[in-house]
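One letter stands for each residue in the lines below.
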Amino acid sequence: MAKVVCVLYDDPVDGYPKSYARDDLPKIDQYPDGQTLPTPKAIDFVPGTLLGSVSGELGLRKYLEDNGHTLVVTSSKDGPDSVLERELADAEVVISQPFFPAYLTAERIAKAPKLKLALTAGIGSDHVDLQAAMERNITVAEVTYCNSISVAEHVVMTILGLVRNYIPSYQWVIKGGWNIADCVARSYDVEGMHVGTVAAGRIGVAVLRRLKPFGMHLHYTDRHRLPEAVEKELDLTFHATREDMYKVCDVVTLNCPLHPETEHMINDNTLKLFKRGAYLVNTARGKLCDRDAIARALESGQLAGYGGDVWFPQPAPQDHPWRSMPHHGMTPHISGTSLSAQTRYAAGTREILECYFEGRPIRDEYLIVQGGALAGVGAHSYSKGNATGGSEEAAKFKKIN
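In what follows, the accompanying structure is described. Since we're looking at a predicted model, the values are computed, not measured.

## Observations concerning helix α13 (residues 339-358)
Then, in step 1: Taking 1.5 Å per residue, 20 residues should reach 28 Å; α13 reaches 29 Å between its end C-alpha atoms and fits that length.
Then, in step 2: Of all 20 residues in α13, 15 are buried; the element is thus mostly enclosed.
Then, in step 3: Looking one or two residues beyond α13, the residue adopting positive phi is Gly-359, at roughly 70°.

Structural data, given as structure tokens:
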């Protein structure tokens, strides 16, 4: 029987919820491209409940223990004394969420001789050293599309929040003020602005679709050009390179995977290509951006705002400059872990585990690495190599309550 180690974020500071703001979730049968939602044989949780924290356990305990497996759930993931490090020696499956990643570096994979499956409950498997996984014949899988729309909604919210100067205006209310001039001195309309997405996959296209009704001019760059029909439908302008797109956009949103080719693609040099006063939104991966270059661009005014919810490492250390830089709209990595999204990715995790333990094929769209090579959606989205370098910095993180 297998040991399954599941790394999840901590419960709320006031304890695991006993009730919720809403009684149910809207019913969704399929994703926009026709892909069906996860189809496990059964679930052992109530949709709309908090599944992504330690007490939620992704709704997996009954299923795994009824089938004779051992489940270890922990939020202790960083450093040599962590529970994850201790449990790796005989773990067959490691489950992690992108929002609170269990960094499976080559060193950690070497300490896990029984590891067969690295499963991402969500989208994005760059916290796994994919090269090391290929060399060890470890399957890497994720629940594709489960939270793509959730992230796209967060992107739109962040763009509006930054451009309209929402957060500082809200803070004036909290402070008891009525400082209209202070609020609007950095507030603009998005109508007529040029917005571009780096990558036009599921999230990127969903963002563009949601911004079109705002009267914005839509741009994109991607190594895979969209069908002509989609370009005409959304009146898209395609740019062959990221650099060409940066210079025409008032807002740039990053929606591409992290791998060695995209790491730190936003840096001091590329930021010089942006319009002065542009806004940058990153809900993809923090390491797409040079951390200190972003802070410098905000301080100099080259960027008018930076927002998103992805950091490197995660959780971010208390002294991470993105916590204190001006004109930011940062959140903890929450865009893809709404209660709605959790219901989908918990069900998808269960589906993948059922396939794995029953010897059935895992859906091709869920596969990142299999049989020693990039596979499924991974072959389309990732490249060989390692993007986990530097993750040991997470060990410096101290909990903030």
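Additional details are given in the paragraphs that follow.
## Considering helix α12 (residues 291-300)
Then, in step 1: For α12, the set of buried residues is Ala-293, Ile-294, Ala-295, Ala-297 and Leu-298.
Then, in step 2: Against the buried residues of α12 lie α11 (268-271), β10 (278-282) and β11 (303-308).
Then, in step 3: The opening residue of α12, the one whose side-chain oxygen lies 3.1 Å from the backbone nitrogen of Asp-292, is Asp-290.
Then, in step 4: Following α12 by one or two positions, Gly-301 adopts a phi angle in the positive range, close to 90°.

## Quick word on the state of the cysteines
Then, in step 1: Applying the stated criterion across every chain, the model contains 0 disulfides.
Then, in step 2: Just so you know, Cys-249 is unpaired, no disulfide at all, and the nearest cysteine sulfur is the one on Cys-256, 14 Å from it.
Then, in step 3: A residue is classified by how much of its surface remains accessible, and Cys-249, at 0% relative accessible area, is buried.

## Regarding the sheet that holds strand β3 (residues 93-96)
Then, in step 1: Read across the open sheet, the 7 strands follow the order β2-β1-β3-β4-β5-β13-β14; overall the sheet is mixed. Whereas interior strands pair on both sides, the edge strands pair on one side only; in this sheet they are β2 (70-74) and β14 (373-374).
Then, in step 2: Sheet analysis places strand β1 (residues 3-7) next to β3, joined by 4 bridges and oriented parallel. When the bridges of β3 are listed, Cys-6 appears paired with Ile-95.
Then, in step 3: The strands that α13 touches are β1, β3, β4 (117-120) and β5 (139-142); relative to β4, the one it contacts most, it runs at about 160°.

## Here we look at the packing of helix α5 (residues 148-163) against helix α8 (residues 202-211)
Then, in step 1: At a closest axis distance of 8 Å, the pairing of α5 and α8 adopts a crossing angle of 45°. As judged from the angle between their axes, α5 and α8 are oblique. Seen from above, α5 lies across α8 with right-handed handedness. Facing α5, whose interface residues are Ser-148, Ile-149, Val-151, Ala-152, Glu-153, Val-155, Val-156 and Ile-159, α8 presents Arg-202, Ile-203, Ala-206, Val-207, Arg-210 and Leu-211.
Then, in step 2: Residue composition of the contact of α5 with α8, by class: 10 nonpolar, 1 polar and 3 charged.

## Structural notes on the pattern of salt bridges
Then, in step 1: According to the stated counting rule, one finds 26 salt bridges in the structure shown.
Then, in step 2: The shortest N-O distance in the salt bridge between Asp-244 and Lys-247 comes to 3.9 Å.
Then, in step 3: Accessibility expressed as a relative area gives 34% for Asp-244, which makes it partly exposed.
Then, in step 4: When the shortest N-O distance is used, the salt bridge between Glu-358 and Arg-360 registers 2.8 Å.
Then, in step 5: Looking at Arg-360, the relative accessible area reads 34%, which means it is partly exposed.

What counts, and where the lines are drawn
Residues numbered from 1 in each chain as written. Predicted model: local features only at pLDDT ≥ 70, side-chain atom pairs only at ≥ 80, totals over all residues. Heavy atoms only, no water. Helix = DSSP H or I, 4+ residues; strand = E, 2+ residues; numbered from the N terminus. Expected span 1.5 Å × (residues − 1). Buried < 20%, exposed > 50% of the residue type's maximum accessible area, 1.4 Å probe, protein only. Contact = heavy atoms within 4.5 Å. Polar contact = N/O pair within 3.5 Å; in protein donor to acceptor, adjacent residues only side chain to side chain. Disulfide = S-S within 2.5 Å. Pairing = 2+ DSSP bridges. Axes fitted to C-alpha atoms, helices over the stretch in contact; angles between N-to-C directions. Parallel < 35°, antiparallel > 145°, perpendicular 65-115°, else oblique. Left-handed = near helix turned anticlockwise from the far one by under 90°. Nonpolar A, V, L, I, M, F, W, Y, C, P; charged D, E, K, R; others polar. Salt bridge = Lys/Arg side-chain N within 4 Å of Asp/Glu carboxyl O.

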